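# Coordinate inspection notes
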Amino acid sequence: MTHTPPPTPDITTVATGDGAAIDSAGVPVLDIDCVTKSYPGEPPVQALREVNLTIGAGELVGIVGPSGSGKTTLLQLMGTLDRPTSGRVRITGLDVATMADEDVAYLRATRIGFIFQQFFLAEHATVLDNVADGLLYAGISLKYRRERALDALELVGLAERPHARPTQLSGGQRQRVAIARALVGEPAIVLADEPTGNLDQATGESILALIDRLHQAGSTIVLITHDHAIAERTPRRIEILDGHIVADSGPAVGTETRRRALAGQPIHKPQTASGAPVSEESS
Amino acid sequence: MTATDTLSRRRLQLPDLARLSTVGLRTRRLRAGLSALGIAIGVAAIVAVLGLSASSQAGLLAEINQLGTNLLTVSNGQSFTGGTAELPITATGMISRISGVQQAQSTGALSGANAFRTPYIPSVDTNGLTVQAVSLNLLPVVATTVAQGHYLNTATAQEPVAVLGAAAAQLLGIDHVYTGERIWVGGQWFYIAGVLKPAVLASVIDSTILIGYPAAEKYLGFDGHPSTIYLRAAQTDRVNAVDNLLAATANPENPSGVTVSQPSSALVAQADAKSALNGLFLGLGAVALLVGAVGVANIMIISVLERRSEIGLRRALGATKSHIRTQFLCEAILLGLLGGVVGVALGVTATAVYAHTKHWATVIPTEAWAGGIAASIIIGAVAGLIPALRAARLSPTQALWSV
C-alpha cells in the first residue's frame, strides 16, 4: 500500500488529460474516418467497409445490428483494442494510427471505459478493488484509486457494499460494479458491449436506466446491441449491416450537441463544476 | 506540441505489481503449492547435502580439535643407503628438552616379534599386528585411554606383560580382560594387563601389542632404539617452531633420516575431502530442480490459457504488453521463490535434525541457502519467460471476444 499523496490537479485533468483542449478546439470525442477492417482468410473477411462516424461529447449513441454485422469490430476499433486496415480513428483528437502501442494503452487507461456483456470481474478481489482496477494502469496510487472507486460505486448505487465479493452479488449488481469500473477514471467515452445481454428483462431495464442517468449527467456512452428495442431508447441510433452504416439518426434533437452541430459550432462536452458526471445519485 | 506528448507511459508501482503477481497464487493455492513443490524438493536436497557435508566436517574438526592439533610425531625414516635410519636412543630425551615441548613419549617397533593368541597358530597368521616397546606416559600424549584393565606401570614394564590396542584386541579375539589371560608374543607368554580405546590421532597404536621397554630388552632382545616419538607442543601456535627443530634434535648426525608429521593435519585434509556421494545427491537435486522448472512452466502456460479474459480485460483497462509480461513473469518468479524458500527451510530442518542426532553443530554454508534461493528465482524466471511472452502477445480482442 503506497502513501503517495493524491496528485494535486483534479481528476478530470488526470483522467482526460487535455480535456480543456477538447472544449476549446471543439474536437469530437470519437472520430472515425473512412475506416475499413478486414480479417485475413480465403477470401478476406470485410468486417467494416469505409465507415465514417463522429461522436461528440455527452452523446448517448446506440449502435444496433445483427450478429456478424461488424458492430463488435467497430467497438474494438473505437476502443483502440485493434487497429483498422485503413482509415483513421481519432479519440479526443488523437490519431491512434500515429501512436505507439504503449501510448494507445495509456489512452485506454485514461480516456476509454469498457462495459462488457460478461462483466469480467475478478472474483478474488472486493467490489471496491475491482472498481479501483479501472485506474490501475493510469499511474495513480492505490489509496487515491480506492477513493475514486468509492465515488464511482456511489454513482451506480453500490456504495453500501464496497467490501463484498462479486460472487456475493446478483447479475445486475455485478454489471453495476463493471459500470463503476468503466466510469472510475471519468473517461472521455464509455463503450458498452451488450451490457444487458447476460441479464433478465427487469435487471436489464435497471441497467439501461442507469446508463441513461449517466448520460443525463454528462457521460459520453456508446451502447452496442443487437436489440432494436434497446437501441430505440437512445437519443442517437446508428444501424449497421454488413460492415456499413445504413442509418444514423444524427445527434439527438434538443441536445447541446445537436444545437451546436446545426449552428456549425464545435461540439462541446458539458461538465459539472466538480468535473464529476453526477453526484446526487445514490441508489 | 501534439497531444501525444501529454501521454506519458506509466510503470506499475511496486505494491501494485506485488498484488498483481500474487493473483494466481492467491486464487489457486493448491495448484501453486504443488507446482512450487518440485523446486522445493530440489532445493531441499541440495541444501541438505551441502549442509550435512559441512556439518559432518564441522563435527570432525571439532573432534580433532578436542583431541588436540598440537600432536607431532617423529619417526625413523630411510637412510641414504635405503635401510632404516635408526633414531638414537637418546632422541626422546633430547626432544623433551626442546623449549615448547610439553611431553615426549616413544614407541619402538620390535621387527622380529609377532603376537598370536596361542603358540599353535601358524606363524604366518600375524593379523598384521606389530609389537612395540612403549614408554609409560604414552596414553595422554596420543589422546587415548584404557578401555579395560590397566596400562603398563614401572613394575609391569619390567615383566612379560602386554597391553593391546583396540584393533589388536579385536583381531586376537579378546573382548574381555581377565586375570591370567595371556598371548604368545615372540616365542613366549605375555600376560594381558588391559585393552586401549581407539587412538584417533595415532591409529598405528590400535593394531599394536604394547610392552614395556625393559621387558622388550629383557625378553625379546630389543635394542632400545625408538622408532616413533609422540610429542605435544606446549601451545598450538608453537607447533611450527617445534616442528622445525625436531629433525635435527632427534638425529643430529642424520637429520634427513627423520620423518616429522602432524597427524591432525592429515585428518583435517580427510575432513575437507568431499564424499563421492555428495556429487550424486547434488545431481539428483539438480534433476528435481529441472523437473520443478518444467512444472512451473507448465502451470504458467495453463494459467495464461485460463486467464485469457483477465488478460484481455487488463489490456482494455490500459495495460501495455509489457505490463502483462511483467505480471506473469513476476508470478513465475514468485512461484520459484516460494519453492526455494520452502526448500531451504526443509533442507535446513533435515540438516539440523540429523546433525543433532550426531551431536554435530548445524552448519549451512551461505552458498547453499543463498544459492538455493537464487537458483529458484532464476528457474522461476526462465520457466515463466515463455508463458509471459505468450500472455503479452495475446491480442486483446481475441482474449475478450473468443471466450
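The model shown is predicted, which means the values in this text are computed figures rather than measured ones.

## With respect to the overall build of chain B
Counting its regular elements, chain B contains 14 helices and 11 strands. What you see for chain B is a C-alpha radius of gyration of 35 Å, clearly larger than the 22 Å of a compact globule of 403 residues, by over 25%. By principal-axis analysis of the C-alpha atoms, chain B measures approximately 110 × 50 × 35 Å. Counting over 403 residues, chain B shows a buried share of 44%.

## Section: the overall build of chain A
Broken down by element type, chain A carries 10 helices and 10 strands. Put simply, of all contacts in chain A between residues at least 6 apart along the chain, 71% involve residues at least 24 apart.

## Focus: the sheet that holds strand E5 (residues 94–95) of chain A
The strands that make up a sheet are held in pairs by hydrogen bonds between backbone atoms, and each pair lies either parallel or antiparallel. Residue and element names in this part refer to chain A. Strand order across the open sheet formed by 4 strands is E2-E1-E4-E5, with antiparallel pairing between neighbours. Looking at which strands have only one partner, the edges of the open sheet turn out to be strand E2 (45–55) and E5. Summarising the sheet, strand E1 (residues 30–39) and E2 pair through 7 bridges and their orientation is antiparallel. What sits directly across from Leu30, in E2, is Ile55.

## Examining the packing of helix H7 (residues 171–183) of chain A against helix H8 (residues 201–216) of chain A
All names here are of chain A. H8 packs onto H7 with a crossing angle of 20° between their chain directions and a minimal axis gap of 9 Å. If you check the angle between H7 and H8, you find them roughly parallel. Handedness of the crossing formed by H7 with H8: right-handed. Between H7 and H8, the contacting residues are Gly171, Gly172, Gln175, Arg176, Ile179 and Leu183 on the first element and Thr203, Ser206, Ile207, Leu210 and Leu214 on the second. Here the residues of the contact of H7 with H8 sort into 5 nonpolar, 5 polar and 1 charged.

## Some thoughts on the nonpolar core
A:Val131, A:Ala180, A:Val222 and B:Val47 are the most contacted members of the largest nonpolar core, which totals 128 residues. Ranked by residues supplied to this core, first place goes to helix H3 (residues 29–67) of chain B with 15 residues. Excluding residues that lie within four positions of it along the chain, A:Val222 makes contacts with A:Ile55, A:Val61, A:Ile63, A:Met78, A:Ile189, A:Leu191 and A:Ala192. Counting 56 residues, the second largest nonpolar core, distinct from the first, contains B:Val195, B:Phe222, B:Val239 and B:Val242.

## Quick word on the sheet that holds strand E7 (residues 189–193) of chain A
Residues and elements named next belong to chain A. Overall, mixed pairing links the 6 strands, which are arranged E6-E7-E8-E3-E9-E10 in an open sheet. Looking along the sheet, the strands with just one partner apiece sit at the ends: strand E6 (112–115) and strand E10 (244–248). Going from strand to strand, the sheet's axes swing by 20° on average, the running direction of each strand aside. Summarising the sheet, strand E3 (residues 60–64) and strand E9 (residues 236–241) pair through 4 bridges and their orientation is parallel.

## Digging into the environment of B:Gln105
Residue and element names in this part refer to chain B. Take Gln105: it is sitting in strand E2 (residues 101–109). In this structure Gln105 comes out as buried when scored by C-beta crowding, with 22 C-beta atoms within 10 Å. Taking the C-alpha atoms as reference points, Gln105 and Leu138, separated by 33 residues in sequence, lie 5.4 Å from one another. The contact partners of Gln105, leaving out residues within four places of it in the chain, are Ser135, Asn137, Leu138, Val141 and Tyr230.

## Examining the confidence of the model for chain A
All names here are of chain A. Residue-level pLDDT values for chain A average 83, and 80% of them are 70 or greater. Taken as a whole, residues 1–25 scores under 50 in pLDDT and shows 43 contacts with residues more than four places along the chain or in a different chain. Long-range and interchain partners of residues 267–283, a stretch whose pLDDT sits below 50, account for 43 contacts in this model, where long-range means more than four residues apart.

## Side note on the interface of chain B and chain A
Contact residues are listed per partner, giving 27 residues for chain B and 35 residues for chain A. Breaking the side of chain B that touches chain A down by element, the ones donating at least two residues are helix H1 (14–21), helix H2 (23–27), helix H11 (308–316), helix H12 (321–357) and helix H14 (396–401) of chain B.

## Some thoughts on helix H4 (residues 101–111) of chain A
Within H4(A), 9 of the 11 residues are buried, which leaves the element mostly enclosed by the surrounding structure. Along H4(A), the residues that are buried comprise A:Asp103, A:Val104, A:Ala105, A:Tyr106, A:Leu107, A:Arg108, A:Ala109, A:Thr110 and A:Arg111.

## Details of the environment of B:Val163
All names here are of chain B. Within the secondary structure, Val163 is located in strand E6 (residues 161–164). For Val163, a count of 29 C-beta atoms within 10 Å gives the class buried. Excluding residues within four positions of it along the chain, Val163 makes contact with Tyr151, Leu152, Ala193, Gly194, Leu196 and Leu210.

## Notes on the confidence of the model for chain B
Residues and elements named next belong to chain B. Across chain B, the average pLDDT comes to 89, with 97% of residues at or above 70. The low-confidence segment residues 1–7, where pLDDT is below 50, has 13 contacts with residues more than four positions distant or belonging to other chains. Across the interface, the model reports ipTM at 0.82; the global pTM reads 0.74.

## A closer look at the packing of helix H10 (residues 276–306) of chain B against helix H13 (residues 366–393) of chain B
Residue and element names in this part refer to chain B. Look at H10 against H13: their axes get within 9 Å of each other, and the N-to-C directions meet at 30°. Classed by the angle they form, the pair H10 and H13 counts as roughly parallel. The chirality of how H10 crosses H13 is right-handed. In this structure, H10 uses Leu289, Gly292, Ala293, Val296, Ala297, Met300, Ile301 and Val304 to contact H13, whose residues at the interface are Ala375, Ile379, Gly380, Val382, Ala383, Gly384, Ile386, Pro387, Arg390 and Ala391. In terms of residue class, the contact of H10 with H13 is built from 14 nonpolar, 3 polar and 1 charged.

## Description of unusual backbone geometry
All names here are of chain A. Pro43 follows Glu42 through a cis peptide bond whose omega is -5°. Position of Pro43 among the secondary structure elements: in the loop between E1 and E2. Phi angles above zero are rare outside glycine, and Glu194 is one such case at about 45°. Examined against the element boundaries, Glu194 turns out to sit in the loop between E7 and H8. Take Glu194: there are 20 C-beta atoms within 10 Å of it, and that puts it in the buried class.

## Points about the environment of B:Phe116
Residue and element names in this part refer to chain B. Following the sequence through the fold, Phe116 ends up in strand E3 (residues 115–116). What makes Phe116 partly exposed here is the crowd of 19 C-beta atoms within 10 Å. On a C-alpha basis, the gap between Phe116 and Gly186 in space is 8.7 Å, while along the polypeptide they are 70 residues apart. If we skip the residues at most four places from it in the chain, Phe116 touches Ile121, Ile183 and Trp184.

Rules used throughout
- Residues numbered from 1 in each chain as written.
- Chains lettered and ligands numbered in written order.
- Predicted model: local features only at pLDDT ≥ 70, side-chain atom pairs only at ≥ 80, totals over all residues.
- Helix = DSSP H or I, 4+ residues; strand = E, 2+ residues; numbered from the N terminus.
- Rg over C-alpha atoms; globule rule 2.2 N^0.38 Å.
- Buried ≥ 20, exposed ≤ 12 C-beta atoms within 10 Å, placed from the backbone.
- Contact = placed C-beta atoms within 7 Å.
- Pairing = 2+ DSSP bridges.
- Axes fitted to C-alpha atoms, helices over the stretch in contact; angles between N-to-C directions.
- Parallel < 35°, antiparallel > 145°, perpendicular 65-115°, else oblique.
- Left-handed = near helix turned anticlockwise from the far one by under 90°.
- Nonpolar A, V, L, I, M, F, W, Y, C, P; charged D, E, K, R; others polar.
- Core = buried A, V, L, I, M, F, W, Y, C linked by C-beta atoms within 7 Å.
- pLDDT = per-residue confidence, 0-100.

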